[in-house]
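Descriptive analysis of the structure
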Amino acid sequence: GAVVSQHPSRVICKSGTSVKIECRSLDFQATTMFWYRQFPKQSLMLMATSNEGSKATYEQGVEKDKFLINHASLTLSTLTVTSAHPEDSSFYICSARSGRINYGYTFGSGTRLTVV
Amino acid sequence: AQSVTQLDSHVSVSEGTPVLLRCNYSSSYSPSLFWYVQHPNKGLQLLLKYTSAATLVKGINGFEAEFKKSETSFHLTKPSAHMSDAAEYFCVVSAYTGTASKLTFGTGTRLQVTL
């Protein structure tokens, strides 16, 4: 079945530095990828939607200059948290979808970001 | 617009007894509905999905859900709970509007299974 690989699974960084999270679709072409943020014991909040070769669409309230998303190929999307602060600490999950029909969402295993 | 309401934030059952996790949805378009399970510090695993085919959907690990349009519900059930079922469960709705499609998550239900 469809597999999405997300790396790293866990990262600790210092305040002010940037962190890049990768999301790869291993056995299918992902025309659309989604990035979510999950706070402890809460649901997933969509941050942005990215389509291959075009700019990401950010949800209201998400700073696009802080959370840089690149979807340069049909199998890779990256989320870069720039100038990280402790309040950016969270669980980030990507999801990939192929085609236009409403099925086929596959999720990565998530990245636990801790900013110290 | 679309939304999902998971009626219980926490459900506790004894091992071997039935599981019922409730979900109601609203959508302006014909929705697709999903149930996902998440174990601690892990990603989401798809349990089952409804995409306008049979209204009773069977998923993995013995779970099933029934789409009831008249009640706008998509409750998740399992006849007999197992300790390994303890996790967070998310009901999710998606609707393709012709130009865009995205998932809307419920707030989650934490399933506890006791001996």
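We now turn to the structure provided with this report. (Residues numbered from 1 in each chain as written. Chains lettered and ligands numbered in written order. Predicted model: local features only at pLDDT ≥ 70, side-chain atom pairs only at ≥ 80, totals over all residues. Heavy atoms only, no water.)

Focus: the packing of aromatic side chains
Under the definition given, this model contains 13 aromatic pairs over all chains. Ring centres 5.7 Å apart and planes at 25 degrees place the aromatic pair tyrosine 25 of chain B and phenylalanine 67 of chain B in the stacked group. Placement of the pair is tyrosine 25 of chain B in strand β4 (residues 23–27) and phenylalanine 67 of chain B in strand β8 (residues 64–68), with a sequence separation of 42 residues. A residue is classified by how much of its surface remains accessible, and tyrosine 25 of chain B, at 9% relative accessible area, is buried. Considering the side-chain rings of tyrosine 50 of chain B and phenylalanine 74 of chain B, the 6.4 Å spacing of their centres and the 50 degrees angle between planes classify their relative orientation as tilted. One end of the pair, tyrosine 50 of chain B, is in strand β6 (residues 44–50); the other, phenylalanine 74 of chain B, is in strand β9 (residues 73–78), with 24 residues separating them in the sequence. Exposure class is identical for tyrosine 50 of chain B and phenylalanine 74 of chain B. Each is buried. Among the aromatic residues, those joined into a ring-pair cluster are Phe34, Tyr36, Tyr105 and Phe107 of chain A together with Phe34, Tyr36, Phe90 and Phe105 of chain B. (Phe/Tyr/Trp six-rings, centres within 6.5 Å; stacked < 30°, edge-to-face > 60°. Helix = DSSP H or I, 4+ residues; strand = E, 2+ residues; numbered from the N terminus. Buried < 20%, exposed > 50% of the residue type's maximum accessible area, 1.4 Å probe, protein only.)

Comments concerning the sheet that holds strand β8 (residues 76–81) of chain A
All names here are of chain A. Strands sit in the order β1-β3-β8-β7 across an open sheet of 4 strands; the sheet is antiparallel. Both outer strands of the open sheet, β1 (4–7) and β7 (67–73), are each paired with one neighbouring strand and no more. Going from strand to strand, the sheet's axes swing by 15 degrees on average, the running direction of each strand aside. Taken together, the 5 bridges between β7 and β8 define a ladder with antiparallel strand orientation. Note on β8: the bridge partner recorded for serine 73 is leucine 76. (Pairing = 2+ DSSP bridges. Axes fitted to C-alpha atoms, helices over the stretch in contact; angles between N-to-C directions.)

A few points about the pairing of β9 of chain B
Regular strands place side chains that alternate from one sheet face to the opposite one. All names here are of chain B. One ladder, built from 3 bridges, connects strand β3 (residues 19–21) with β9; its direction is antiparallel. Counterpart to leucine 21 in the pairing with β9 is leucine 76. Judged from the 5 bridges that link them, β8 and β9 form a sheet pairing that is antiparallel. In the sheet register, glutamate 66 faces β9, and the bridge partner there is histidine 75. Counted between consecutive antiparallel strands, the loop separating β8 from β9 contains 4 residues, among which threonine 72 sits at a positive phi close to 45 degrees.

Overview of the state of the cysteines
Inspection of every chain in the model, using the stated rule, returns 2 disulfides over all chains. Between the sulfur atoms of cysteine 23 of chain A and its disulfide partner cysteine 94 of chain A the distance amounts to 2.0 Å. Here the S-S torsion is close to 80 degrees, and the disulfide linking cysteine 23 of chain A with cysteine 94 of chain A is therefore right-handed. With a gap of 71 residues between them, cysteine 23 of chain A in strand β3 (residues 19–25) and cysteine 94 of chain A in strand β9 (residues 90–97) connect regions that are remote in the sequence. Neither cysteine 23 of chain A nor cysteine 94 of chain A differs from the other in exposure class; each is buried. Put simply, cysteine 23 of chain B and cysteine 91 of chain B are joined by a disulfide, and their sulfur atoms are 1.9 Å apart. Here cysteine 23 of chain B and cysteine 91 of chain B share a disulfide; its torsion about the S-S bond, -65 degrees, makes the bridge left-handed. Here cysteine 23 of chain B, found in strand β4, pairs with cysteine 91 of chain B, found in strand β10 (residues 87–96); they are 68 residues apart in sequence, far enough to count as distant. (Disulfide = S-S within 2.5 Å.)

Spatial relationships are all this shows, so hold off on functional conclusions.
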